[in-house]
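Per-entry structural report
Listed here are the chains, written in short residue letters.
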Amino acid sequence: MSDEQNVTQEENRLIAERREKLAAIRAEGNAFPNCFRPNAKAQELQDKYGEHERDALEELGIEVAVAGRLMLDRKSFKVLQDVTGRIQIYATKEVQQDTRHWDIGDIVGVKGKLCKSGKGDLYVMMDEYVLLTKSLRPLPEKHHGLTDTEQRYRQRYVDLIMNENTRKTFQIRTKLIQGIRQYLVERGFYEAETPMLQVIPGGATARPFVTHHNALDLDMYLRIAPELYLKRLIVGGFERVFEINRNFRNEGLSTRHNPEFTMVEFYQAYADYHELMDLTEDMLRTLAEQLLGGTEVQYQGQTFDFGKPFIRMTVFESILHHNPDITAEELNDIEKARAVAERLGITLRDADGLGRIQTEIFEETVEHKLLQPTFITAYPTEVSPLARRNDEDPFVTDRFELFIGGREIANGFSELNDAEDQAERFRQQVAEKEAGDLEAMFYDEDYVVALEYGMPPTAGEGIGIDRLAMLFTDSPSIRDVILFPHMRPQA
RNA sequence: GGGCCGUUAGCUCAGUGGUAGAGCAGUUGGCUUUUAACCAAUUGGUCGAUGGUUCGAAUCCAUCACGGCCCA
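Residues numbered from 1 in each chain as written. Chains lettered and ligands numbered in written order. Predicted model: local features only at pLDDT ≥ 70, side-chain atom pairs only at ≥ 80, totals over all residues. Heavy atoms only, no water.

With that out of the way, let us pick up the environment of Val481. Relative to the assigned elements, Val481 resides in the segment after helix H17 (465–473). The buried category is assigned to Val481, whose relative accessible area is 0%. In this structure, Val481 is in contact with Thr169, Phe170, Arg173, Asp466, Ala469, Met470, Thr473 and Ser475, ignoring residues within four places of it in sequence. (Helix = DSSP H or I, 4+ residues; strand = E, 2+ residues; numbered from the N terminus. Buried < 20%, exposed > 50% of the residue type's maximum accessible area, 1.4 Å probe, protein only. Contact = heavy atoms within 4.5 Å.)

Written out as structure tokens, the structure reads:
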């Protein structure tokens, strides 16, 4: 594309007209004044005075100063939008004449008497008014707003200006994170910040992003999880820690995956996975009540009840429960289980053991059916390299995952604090990596050393904030709850 | 990576082979307590890109780009 074509696209007539208006404003003085201080917010005025009678309001003679973006212009009545909502401003004929250079999208400040119109709506009389920022680009259509998904994600600022629902979604997301932080802090958890740049990307099985540290001439990885560092803090004696921050996984993009996503991870010494399941259940219930005003979560036409006790069953039980045609005997025999998996169209590697095969069968046939909040427990040791083995059955670990709406929301377990067992599990992961599993873990020698100093018995958990935000905001795509989701750059 | 769908004015969308349309926004004027204000007039387009078929392509075909949904 030539520069000239670019200019005609970027600088169309509508923008050119506004630039001319801006040039005229510049010629008369400061085009970007920062002199106006609002003393009221639109929605607060609506809440406080919306129900007043017209005459009663007149008698009060309230003077207010409001500022915001011009969203509608009915000439005499104009609509101003601030962070809280909208309020009308009223222009007499003279004021209309004086503000002819104002456009929809401009940022303005208005001072004057708070009044009520004949139809009962509040407005601010434009006794004093100032154009604070000229908007050079026209806003989308006033009624339909911005609906083009691509543009909503690429130009989130326009989406936020135009769509109240988008603003609301991100307000709920923020409250969700604040609620989780408050919940944990109230229970004695310390908030920690551990490295995002790691030499050994540990704590999960996932492909990492690679970067390079110039001064050290060292390849580093963006973290896939904070887990191993948070547990070092447990070794250090913190006993209860948490971190809310981004993880990075070098995987595809979908309605459920963004390469960077937000997790809360927390670790509690002298607790086991049962206590974390209880805590999780209570926390989600508390958050639902705080944010949604009740324990029923409406999601895409379904209702998830956070008020009832969450279902709990093992991986093994859940497979049998949801697959009447599979027997316990088949699941317990590696050759028979392999045949079941292959019948289901699951691709297995030769090195995959029974635990991995069972897990694959679970993911294929059960996960998506777990609509109501469900804890699945007893994940095979083979697929849980950081989790404590079950005392009675070392084939499985004391681990759970929480599913809601068919999606994994949380993953937690009693932590493996046996340094020698951990070293052996890492060796097994390295063998899998060498056999071609790109997601297998690295051997983290220092983490084993940390465990050798002694980590108290501990339980830990990670909760995917984005997926939880999807549930709480009834959003079908993870992109709807991430302010700036990743997209392929435009051509 | 595969399948299906989409891409037309700043925005929301019509337009299935014969002169590129509407609403909103913009511009000009009118009205002046409106509620997506209203009335009149009016500006604005390489129809995602590149090839092809055709007398003629927004429309049919191919390739590519970007996006959406589903699958892997």
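On to the nonpolar core. With 43 residues, the main nonpolar core has Leu176, Ile180, Val264, Phe266, Phe306, Leu468 and Phe472 as its most contacted residues. Looking at this core element by element, the count peaks at nine residues for helix H10 (residues 273–292). Residues in contact with Leu468, not counting those within four places in the same chain, are Leu176, Ile180, Leu284, Ile409 and Ile463. Judged by nonpolar contacts, the second largest core, of 25 residues, contains Ala42, Leu45, Trp102 and Val124. (Core = buried A, V, L, I, M, F, W, Y, C linked by side-chain atoms within 4.5 Å.)

Let us look at the pattern of salt bridges. By the definition in use, this model includes 36 salt bridges. When the shortest N-O distance is used, the salt bridge between Asp421 and Arg425 registers 3.1 Å. Residue Asp421 and its partner Arg425 are both found in helix H15 (residues 419–434); the two are separated by four residues, about one turn of the helix. In this structure Asp421 comes out as buried when scored by relative accessible area, which is 14%. Assessed through its relative accessible area of 6%, Arg425 is described here as buried. Through salt bridges with shared partners, a single network forms among Arg18, Lys21, Asp103, Asp106 and Lys134. (Salt bridge = Lys/Arg side-chain N within 4 Å of Asp/Glu carboxyl O.)

Together, Tyr157, Leu483 and Phe484 make up an exposed nonpolar region whose accessible area comes to about 330 Å². Tracing the sequence through the fold places Tyr157 in helix H7 (residues 156–162). (Patch = residues over 30% accessible without salt bridge, like charges linked within 9 Å, V, L, I, M, F, W, Y side chains within 5 Å. Areas by Shrake-Rupley, 256 points an atom, 1.4 Å probe, with all protein chains shown as cover.)

Once that is clear, we can look at the sheet that holds strand E9 (residues 210–213). Overall, antiparallel pairing links the three strands, which are arranged E8-E10-E9 in an open sheet. One side of each edge strand has no neighbouring strand; the edge strands of this open sheet are strand E8 (197–198) and E9. Where E8 lies against strand E10 (residues 218–222), two bridges are found, and the strand directions are antiparallel. Across the sheet, the residue bridging to Leu197 is Leu222, located in E10. (Pairing = 2+ DSSP bridges.)

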